[in-house]
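Overview (structure and organization)
Here's the letter readout for the chains.
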Amino acid sequence: EEKKTVQVEVSDENGEVITKGVPFDVVSVDIGSTTRDFNRIPGASQYCISTRPISDLVVRIEKEEELLKERLKNNTVKAAHFVVVGGGPAGIELSLAIRARFNDMLDSNLAITLIDSSDGLLVNESPACRRALESVMSKYNIDVRFSMLVDEITSSHVHVYSSKDQTSREMIPYTHIIWATGAEAHDLSWSLNKQCGLAVSETRGWIQVNSYLQSLSHPYIFAAGDCCEIVNDNEKSPPKAGVYAVRSGPILIENLTRFVGASKCSQELVPYHPQDDFLKLLMCGDGTALGFRFGIPLYGKWVWKLKDHIDVMFMDLFDVAKLPKLDEKKDEYDTAQYDASIERPPPLDSDEAAKLLLRTDDDVDFRRAWDVLRDMMADDKYKYDVLDIARLSLGKQRSEII
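The notes below deal with the structure included here. Here the structure is a predicted model, which is why all the values come from computation and not from measurement. (Residues numbered from 1 in each chain as written. Predicted model: local features only at pLDDT ≥ 70, side-chain atom pairs only at ≥ 80, totals over all residues. Heavy atoms only, no water.)

Details of the overall build of the protein
Helix and strand counts for the protein come out as 10 helices and 21 strands. A compact globule built from 402 residues would reach a C-alpha radius of gyration of about 21 Å, and the protein, at 24 Å, matches this within 12%. Taking the principal axes of the C-alpha coordinates as reference, the protein spans close to 65 × 60 × 45 Å. Within the protein, the fraction of its 402 residues that count as buried is 42%. Of the roughly 22,000 Å² of accessible surface on the protein, a fraction of 49% belongs to carbon and sulfur atoms. (Helix = DSSP H or I, 4+ residues; strand = E, 2+ residues; numbered from the N terminus. Rg over C-alpha atoms; globule rule 2.2 N^0.38 Å. Buried < 20%, exposed > 50% of the residue type's maximum accessible area, 1.4 Å probe, protein only. Areas by Shrake-Rupley, 256 points an atom, 1.4 Å probe, with all protein chains shown as cover.)

Written out as structure tokens, the structure reads:
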């Protein structure tokens, strides 16, 4: 069998960068994605703070915060205008986070503009969820500019034009600008395609895999998360969202183990079936959060507590003591999801469940509400009964839940 190696750049004992061949039996490419158009739009990489990688985003925001504090102290600035490019969940949440982080510091002399290329925010969500989001954006005074595309960024202005009329152009001033335009394939994907024929999508460069997360062109290459596109006649590849990367993880490690023959079931790979939808949670910055699930909006402090709880649960996975254990009897890893609930109390009555999910007061027990959502996932009849009551309630309120 032909020896397989991957060429990597490493530093030698003198600190010099050298190329080294690393032999392998199977390789998993899990490189995530980069920020769309960041290196294509003139001025973007020079003047914008990119959301990827997240570590750089945090450092840049902290640096800008210190500079702003210093300038306020020296009376060289009195106000700020943050522009966020990209109207997806990341751009929305960043806009709200900026309001929370900088508003008091600037004595409310803070303008925030969110530039979105589509006709509305999160257009695939239900009307009720979109109205709830509009209420949140209005409450925190986020100016959303729809159907706008960026063609250049200078040191002081964002040059935009209308997607409906390219002759309609505008220059939006800014003091700080964040680039949150969604996912784009890394150059490495294209390089692997050219160098060894790795199958990637023709226009976007996503590594193409089957339902086992295995390359269509190279069986010994696997990929998961943002960097890949699942090609399956029966299922559409999921959107670029962290939840899908996280939930494909247990399947990926199981299939890698089976592929190299470390399992008795070495030839029987496990398919990954992405869920149709997922719980979306947007931090509002004031101790509350807005959530969407099954087409209904969720709002309040309890939603923020739920978001925080789920995030902490995920981060706990990086504790060595909590790594998955090999089941000696089955000779395979436990592929259950990290948030799988082993035991839950009996489901609430459908009417009570609907009322609980629509509550916005501070006394809601987020764990009980989360149980309701998981009970709805487990039982379609129960789900539809709860949704019928919730939608009827939302229809009567008309003022919505916020």
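Here we look at the packing of aromatic side chains
Going through the model one piece at a time under the given rule, you end up with 5 aromatic pairs. Look at Phe 24 and Tyr 220: their rings are 5.9 Å apart centre to centre, the planes differ by 50 degrees, and that puts the pair in the tilted class. Residue Phe 24 is found in the loop between strand 2 (17–23) and strand 3 (27–29), and its partner Tyr 220 is found in the loop between strand 14 (207–209) and strand 15 (221–223); the two are separated by 196 residues along the sequence. (Phe/Tyr/Trp six-rings, centres within 6.5 Å; stacked < 30°, edge-to-face > 60°.)

Side note on the nonpolar core
Here is a general trend for soluble globular proteins: nonpolar side chains tend to be buried in one another's company. Core analysis: the biggest nonpolar cluster contains 34 residues, and Ile 92, Leu 133 and Met 137 have the highest contact counts within it. Setting aside chain neighbours within four positions, we find Ile 92 in contact with Gly 87, Leu 114, Leu 121, Leu 122, Leu 133, Met 137 and Leu 282. Judged by nonpolar contacts, the second largest core, of 28 residues, contains Ile 296, Val 303, Leu 356 and Met 376. (Core = buried A, V, L, I, M, F, W, Y, C linked by side-chain atoms within 4.5 Å. Contact = heavy atoms within 4.5 Å.)

Concerning the sheet that holds strand 7 (residues 110–115)
As a general point, the strands of a sheet are linked pairwise by backbone hydrogen bonds and lie either parallel or antiparallel. As summarised here, the arrangement of the 5 strands in space is 5-12-6-7-8, forming an open sheet in which the pairing is parallel. Only two strands of the sheet have a single neighbouring strand rather than two, namely strand 5 (49–50) and strand 8 (142–145). As paired strands, strand 6 (residues 80–85) and strand 7 are joined by 6 bridges and run parallel to one another. Its bridge partner being in strand 7, Phe 82 is matched across the sheet by Ile 112. (Pairing = 2+ DSSP bridges.)

Observations regarding the packing of helix 7 (residues 301–316) against helix 9 (residues 366–378)
At a minimum axis separation of 9 Å, helix 7 and helix 9 run at an interaxial angle of 75 degrees. Viewed along their axes, helix 7 and helix 9 adopt a mutual orientation that is roughly perpendicular. Packed against helix 7, whose contacting residues are Trp 302, Lys 305, Leu 306, His 309, Ile 310 and Met 313, the element helix 9 presents Phe 366, Ala 369 and Trp 370 at the interface. In terms of residue class, the contact of helix 7 with helix 9 is built from 7 nonpolar, 1 polar and 1 charged. (Axes fitted to C-alpha atoms, helices over the stretch in contact; angles between N-to-C directions. Parallel < 35°, antiparallel > 145°, perpendicular 65-115°, else oblique. Nonpolar A, V, L, I, M, F, W, Y, C, P; charged D, E, K, R; others polar.)

Re empty space enclosed by the protein
Unfilled space is identified by rolling a water-sized probe across the atoms. In the structure shown here, the tally under the stated rule is 1 cavity of 30 Å³ or more. As a volume, the largest cavity reaches approximately 110 Å³. Together, 15 residues line the largest cavity, and Gly 225, Asp 226, Cys 228, Pro 238 and Tyr 244 are the ones closest to its centre. For the lining of the largest cavity, the element with the most residues is helix 6 (residues 242–259), which contributes 3 residues. (1 Å grid on protein atoms, 1.4 Å probe; cavity = no way out; pocket = protein on both sides within 12 Å on 5 of 7 lines; lining within 4 Å. Points joined across faces, edges and corners; volume = space filled by probe spheres on them.)

Some points on unusual backbone geometry
The omega torsion across Arg 52 and Pro 53 is -10 degrees, close enough to zero to call that bond cis. On the secondary structure map, Pro 53 appears in the loop between strand 5 and helix 2 (54–73). Positive phi outside glycine occurs at Asp 107, with the angle close to 55 degrees. Structurally, the position occupied by Asp 107 is in the loop between helix 3 (89–102) and strand 7. Under the relative-accessibility criterion, Asp 107 is labelled exposed at 64%. One non-glycine residue with positive phi stands out, namely Ser 147, at about 55 degrees.

A look at a nonpolar patch on the surface
A cluster of nonpolar side chains, Met 315, Leu 317 and Phe 318, forms an exposed patch at the surface whose accessible area comes to about 320 Å². Mapping Leu 317 onto the fold places it in the loop between helix 7 and strand 20 (326–327). (Patch = residues over 30% accessible without salt bridge, like charges linked within 9 Å, V, L, I, M, F, W, Y side chains within 5 Å. Salt bridge = Lys/Arg side-chain N within 4 Å of Asp/Glu carboxyl O.)

So, the pattern of salt bridges
For the structure on display, the rule yields 21 salt bridges. A salt bridge links Arg 258 to Glu 254, with the nearest nitrogen and oxygen atoms 2.5 Å apart. One end of the pair is Arg 258 and the other is Glu 254, both in helix 6 and 4 residues apart, which spans about a single turn. Here Glu 254 falls in the buried class, since its relative accessible area comes to 1%. When salt bridges that share partners are traced, they join Glu 125, Asp 277, Lys 280 and Arg 293 into one network.

Examining the sheet that holds strand 18 (residues 289–293)
Ordered by their spatial adjacency, 3 strands build an open sheet running 17-18-19, and the pairing between neighbours is antiparallel. Because the sheet does not close on itself, it has two edges, and the strands there are strand 17 (280–283) and strand 19 (296–300). Direction aside, neighbouring strands of the sheet carry axes that sit 20 degrees apart on average. Two strands pair when backbone bridges link them, and strand 18 and strand 19 are joined in this way by 5 bridges, in the antiparallel orientation. Bridging across to strand 19, Leu 290 finds its partner in Tyr 299. Contacts between helix 4 (residues 127–139) and the sheet are confined to strand 17, strand 18 and strand 19, with strand 19 contributing the most and set at about 30 degrees to the helix.

Things to note about the pairing of strand 18
Within strand 18, 5 of the 5 residues are buried, leaving the element largely enclosed by the surrounding structure. Burial of the side chains of strand 18 extends over both faces: Ala 289, Gly 291 and Arg 293 are buried on one face and Leu 290 and Phe 292 on the other. Direction of pairing for strand 17 relative to strand 18: antiparallel, over a ladder of 4 bridges. Note on strand 18: the bridge partner recorded for Leu 282 is Leu 290. Count of turn residues in the strand 17/strand 18 antiparallel hairpin: 5 residues, of which Gly 285 carries a positive phi of about 90 degrees. Between strand 18 and the antiparallel strand that follows it, strand 19, lie 2 residues; Phe 294 among them carries a positive phi value of about 60 degrees.

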